[in-house]
Amino acid sequence: CCVTCFEGQKQMHLQSQNYVEAALTLKLHSDLHEWDVSSFVPPMEDLGLPRQSQFHRKETLCLLILDYLGKGKAWERAIQICDELAYQHSEVTYN
């Protein structure tokens, strides 16, 4: 239910071209996932996402968030997401 609510809110914001609000709604969804490569989440047909690890789901959502933040010209928030992605990739790659 919670994910469905997030998706509805995101779509509403996108239809109004409120890209930053859509990104922040998607960030709430992304925060439900852990940076964990060993646990998996089911497909999300609304977003066209297959079954994937929580890490990859969160990464995919972060990339969508970056797209929306770019469209909304919210560069500072985009940098925070980029920093988080870089940190998580260095942790998974090197540890």
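Please read these numbers as outputs of a predicted model, since none were measured by experiment.

K.L.:
Is there a simple way to explain helix H2 (residues 19-30) in this structure?
P.N.:
Every α-helical turn comprises 3.6 residues, leaving residues that sit three or four positions apart pointing alike. Taking 1.5 Å as the rise per residue, H2 with 12 residues should run 16 Å; its terminal C-alpha atoms sit 16 Å apart, in good agreement. The complete set of buried residues in H2 reads Ala 22, Ala 23, Thr 25, Leu 26, His 29 and Ser 30. Along the axis of H2, the buried positions cluster into a sector of 160 degrees, meaning they face one direction only.

K.L.:
Would you mind showing me how to read helix H3 (residues 54-71) here?
P.N.:
With 18 residues, H3 ought to run about 26 Å at 1.5 Å a step, and its terminal C-alpha atoms sit 26 Å apart, in line with that. Within the span of H3, buried status applies to Gln 54, Phe 55, Arg 57, Lys 58, Glu 59, Leu 61, Cys 62, Ile 65, Leu 66, Tyr 68 and Leu 69. Lys 73 occupies a position one or two residues after H3 and carries a positive phi of about 60 degrees.

K.L.:
Help me out: how do you make sense of unusual backbone geometry in this one?
P.N.:
Peptide bonds are trans in most cases, and residues, glycine excluded, mostly fall at negative phi. Of note, Lys 73 is a non-glycine position whose phi angle comes to about 60 degrees, a positive value. Here Lys 73 lies in the loop between H3 and helix H4 (75-94). Judged by its relative accessible area of 59%, Lys 73 is exposed.

K.L.:
Would you take a moment to explain the pattern of salt bridges for this structure?
P.N.:
Once the charged atoms of two side chains with opposite charge are near each other, the side chains can pair. In this structure the tally under the stated criterion is three salt bridges. A salt bridge links Glu 84 to Lys 27, with the shortest nitrogen-to-oxygen separation between them at 4.0 Å. In this pair, Glu 84 is assigned in helix H4 and Lys 27 in helix H2, connecting sequence segments 57 residues apart. A relative accessible area of 21% places Lys 27 in the partly exposed class. Across the salt bridge formed by Asp 67 and Lys 71, the nearest N and O atoms sit 3.5 Å from each other.

K.L.:
Looking at this model, I keep getting lost on the packing of H2 against H3. Mind explaining?
P.N.:
When two helices pack together, their arrangement is given by the angle between their axes and by how far apart the axes lie. Packing of H2 against H3 leaves a shortest axis separation of 8 Å and a crossing angle of 165 degrees. Relative to H3, the element H2 is oriented roughly antiparallel. Of the two possible hands of crossing, H2 and H3 adopt the one that is left-handed. Residue-level inspection shows Tyr 19, Val 20, Ala 22, Ala 23, Leu 26, Lys 27, His 29 and Ser 30 of H2 in contact with H3, the latter providing Lys 58, Leu 61, Cys 62, Leu 64, Ile 65, Tyr 68, Leu 69 and Lys 71.

K.L.:
Can you walk me through the nonpolar core in this structure?
P.N.:
If you look at soluble globular proteins, the nonpolar side chains tend to sit buried side by side. Judged by nonpolar contacts, the single largest core of 18 residues is most densely connected at Ile 65, Tyr 68, Leu 69, Ile 81 and Leu 85. Contributions of two or more residues to this core are made by H2, H3 and H4. In terms of residue count, the dominant contributor to this core is H3 (seven residues). When residues no more than four places from it in sequence are discounted, the contact partners of Ile 81 are Lys 27, Cys 62, Ile 65, Leu 66 and Leu 69.

K.L.:
Just checking my understanding: could you explain the packing of aromatic side chains for this structure?
P.N.:
What describes a pair of aromatic rings is the distance from one ring centre to the other and the angle between the planes of the rings. Enumeration over the complete set of coordinates arrives at one aromatic pair. Between Trp 35 and Phe 55 the ring centres are 5.0 Å apart and the planes differ by 65 degrees, which places this aromatic pair in the edge-to-face class. Of this pair, Trp 35 sits in the loop between H2 and strand E1 (40-41) while Phe 55 sits in helix H3, placing them 20 residues apart in sequence.

Calculation rules
Residues numbered from 1 in each chain as written. Predicted model: local features only at pLDDT ≥ 70, side-chain atom pairs only at ≥ 80, totals over all residues. Heavy atoms only, no water. Helix = DSSP H or I, 4+ residues; strand = E, 2+ residues; numbered from the N terminus. Expected span 1.5 Å × (residues − 1). Buried < 20%, exposed > 50% of the residue type's maximum accessible area, 1.4 Å probe, protein only. Arc of directions from axis to C-beta. Salt bridge = Lys/Arg side-chain N within 4 Å of Asp/Glu carboxyl O. Axes fitted to C-alpha atoms, helices over the stretch in contact; angles between N-to-C directions. Parallel < 35°, antiparallel > 145°, perpendicular 65-115°, else oblique. Left-handed = near helix turned anticlockwise from the far one by under 90°. Contact = heavy atoms within 4.5 Å. Core = buried A, V, L, I, M, F, W, Y, C linked by side-chain atoms within 4.5 Å. Phe/Tyr/Trp six-rings, centres within 6.5 Å; stacked < 30°, edge-to-face > 60°.

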